[in-house]
Amino acid sequence: MPETRKRPKVIVTRRLPETLETRMAELFDVELNFTDEAFDRARLADAMARADVLVPTVTDDLDAELIGGAGERLKLIANFGAGVDHIDLQAARAKNIVVTNTPGVLTDDTADMVMSLILSVPRRFSEGEKLLRSGEWKGWSPCGMLGHRITGKRLGIIGMGRIGQAVAQRARAFGLTVHYHNRRRLPEAVEAALEATYWPSLDAMLGRVDIVSINCPHTPETHHLLNAERLRLLQRHAYLINTARGEIVDEAALAAALARDDIAGAGLDVFEHEPAVHPDLLAAKHVVLVPHMGSATFEGRLAMGEKVTTNIRVWMDGHRPPDQVLEGWV
Ligand code: 8YV
């Protein structure tokens, strides 16, 4: 076994929950980031030149140039997170670098965030809170803060993987009817259990539902999937929820649609140019905006770290890590 396999040099780009960092220090020759300041390009390049294993997060843009310039030692990128759109998988494969992620352990938390937004936007939660805090609230009135009922509405889910299905289960409990668009139709039994209606055409579904939830990964195929043209297909009373990746929606087009009242509102946990948010979205009325916190639970983050550690350990033992990301799978 090569020396590096015994106690690999692992560089972690962001601060992780303490128990995870301590465990990693026990297992690996680890370099932690105690300041939590995101690595700039030079620091990423330096880490990739020295490490056997890099543990990045969504805030590290590992493009083809950076991966191409990685040192010969770098053999594993063990991502702390499920989405891998910030890693050039093709470049990694060309350099024989294995990429792993942390699927499954943030499904419920993300689905809960979807439901929070589905409930908050039509019921004007954010506006109500702002009104109350402003000191302008004059008390209850029959027509005060009226929003729209959730029960009985149609939900259209884009991307019916683990998270999409977890959203569907929750949505049914709230009396929503489930519709979905996915690359592949679900097995009949799963579809029946969720009482979900499959739409082979995304465009057709968009025009028929009251709430749209984006739950697919960001890939070259889904980049700006909801562009100005598709946003125009939505009904005027429809709401858009995005907890997947900001880049799936053309943010400027969404802001314009909201400003024109072409759609009723939006609930967003992710943004196209994080941490920047389009100023017109910040100014829009019927929106709830939260800072990429879909998987932000103590339990979820610990489970993500467990997965990262397991992936590294299995790789150290010379086996294929359980969460290896294969190009074309996402
Ligand atoms: C993670 C996410 O917390 O896992 C993902 O894909 O979007 C987040 O919820 C983040 O990616 C951490 O890297």
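Enquirer: Give me the lowdown on the environment of Gly246, citing residues and values where you can.
Expert: Here Gly246 shows up in the loop between strand E10 (239–242) and helix H12 (251–259). Counting along the chain gives 23 residues from Gly246 to His223, while the straight-line C-alpha distance between them is 9.1 Å. Beyond its immediate chain neighbours, meaning those up to four positions away, Gly246 contacts Val270, Phe271 and Glu272.

Enquirer: Describe the packing of helix H6 (residues 107–120) against helix H8 (residues 162–173), naming the residues involved and giving the relevant values.
Expert: As a packed pair, H6 and H8 sit with axes 9 Å apart at the nearest point and diverge in direction by 50 degrees. Taken together, the axis directions place H6 and H8 in an arrangement best described as oblique. By crossing handedness, the relation of H6 to H8 is classed as right-handed. Every residue of H8 that contacts H6 at Thr107, Asp108, Thr110, Ala111, Asp112, Val114 and Met115 is listed here: Arg162, Ile163, Ala166, Val167, Arg170 and Ala171. Across the contact of H6 with H8, the residue classes tally to 7 nonpolar, 2 polar and 4 charged.

Enquirer: Residue-level account of the domain arrangement of the chain, with values.
Expert: Here the domain parsing of the chain yields domain 1 (9–105 + 297–316) and domain 2 (107–289). Domain 1 and domain 2 are separated by 31 Å when their C-alpha centres are compared. When domain 1 packs against domain 2, the two sides together hide about 550 Å² of surface, and 37% of this comes from carbon and sulfur. Here domain 1 and domain 2 share 1 salt bridge between them. A salt bridge links Asp85 to Arg245; its shortest N-O distance comes to 3.1 Å. Here domain 1 and domain 2 share 4 residue pairs in polar contact (both at pLDDT 80 or more) between them. For the side of domain 1 that touches domain 2, the per-class residue count stands at 3 nonpolar, 4 polar and 1 charged.

Enquirer: Any chance you could break down the environment of Asp88 for me, citing the residues and the numbers?
Expert: Secondary-structure assignment places Asp88 in the loop between strand E4 (76–78) and helix H5 (89–94). Given the relative accessible area of 27%, Asp88 is considered partly exposed. Between the alpha carbons of Asp88 and Asp63 there is a distance of 5.2 Å; along the sequence they are 25 residues apart. At 3.2 Å, the side chain of Asp88 and the backbone nitrogen of Gln90 are in polar contact.

Enquirer: Account for the sheet that holds E4, naming residues and giving values.
Expert: Here we have 5 strands laid out as an open sheet, ordered E2-E1-E3-E4-E5, and parallel in their pairing. The outermost strands of the open sheet, each flanked by one partner alone, are strand E2 (29–31) and strand E5 (98–100). Shown here is a sheet whose adjacent strand axes are inclined to one another by a mean of 15 degrees, direction ignored. Inspection of the sheet shows strand E1 (residues 9–12) paired to E2 by 3 bridges, in the parallel sense. Within the sheet, the bridge partner assigned to Lys9 lies in E2 and is Asp29. Against the sheet, helix H3 (residues 41–50) makes contact with E1, E2 and strand E3 (53–55), and its axis sits at roughly 160 degrees relative to E1, the strand it touches most.

Enquirer: Which residues make up empty space enclosed by the protein, and what values do they have?
Expert: Going through the model one piece at a time under the given rule, you end up with 1 cavity of 30 Å³ or more. Counted as a void, the largest cavity has a volume near 30 Å³. Taken together, Asn242, Gly246, Val249, Glu251, Leu254, Leu268, Val270 and Leu281 form the lining of the largest cavity. Residue composition of the lining of the largest cavity, by class: 5 nonpolar, 2 polar and 1 charged.

Enquirer: How would you sum up the site of the ligand? Please name residues and give values.
Expert: In the vicinity of the ligand, the contacting residues are Thr57, Val58, Phe80, Gly81, Ala82, Gly83, Leu106, Arg245, His292, Ser295, Arg301 and Met304. At 3.0 Å, a side-chain N or O of Arg301 approaches an oxygen atom of the ligand. Burial of the ligand by the protein chains amounts to 89% of its free accessible area of 320 Å². Among the residues forming the shell around the ligand, the class breakdown is 5 nonpolar, 5 polar and 2 charged.

Enquirer: Lay out the pattern of salt bridges with the relevant residues and their values.
Expert: Here the structure, examined in full by the defined rule, presents 21 salt bridges. Two residues, Arg185 and Glu191, come together in a salt bridge whose shortest N-O distance is 2.8 Å. Exposure remark for Glu191: the relative accessible area of 9% places this residue in the buried category. In this structure, the salt-bridge partner of Lys307 is Asp323, at a minimum N-O distance of 3.2 Å. Within this pair, whereas Lys307 is found in helix H14 (residues 298–316), its partner Asp323 is found in the segment after H14, the two being separated by 16 residues in sequence. Taking relative accessible area as the criterion, Lys307 reaches 22% and is therefore assigned partly exposed. Within this structure, Lys9, Asp29, Glu31, Asp46 and Arg50 form a network of salt bridges that share partners.

So, how was this worked out
Residues numbered from 1 in each chain as written. Predicted model: local features only at pLDDT ≥ 70, side-chain atom pairs only at ≥ 80, totals over all residues. Heavy atoms only, no water. Helix = DSSP H or I, 4+ residues; strand = E, 2+ residues; numbered from the N terminus. Contact = heavy atoms within 4.5 Å. Axes fitted to C-alpha atoms, helices over the stretch in contact; angles between N-to-C directions. Parallel < 35°, antiparallel > 145°, perpendicular 65-115°, else oblique. Left-handed = near helix turned anticlockwise from the far one by under 90°. Nonpolar A, V, L, I, M, F, W, Y, C, P; charged D, E, K, R; others polar. Domains from an automatic or database assignment. Buried area = accessible area lost by both parts, 1.4 Å probe. Salt bridge = Lys/Arg side-chain N within 4 Å of Asp/Glu carboxyl O. Polar contact = N/O pair within 3.5 Å; in protein donor to acceptor, adjacent residues only side chain to side chain. Buried < 20%, exposed > 50% of the residue type's maximum accessible area, 1.4 Å probe, protein only. Pairing = 2+ DSSP bridges. 1 Å grid on protein atoms, 1.4 Å probe; cavity = no way out; pocket = protein on both sides within 12 Å on 5 of 7 lines; lining within 4 Å. Points joined across faces, edges and corners; volume = space filled by probe spheres on them. Near = heavy atom within 4 Å. Areas by Shrake-Rupley, 256 points an atom, 1.4 Å probe, with all protein chains shown as cover.

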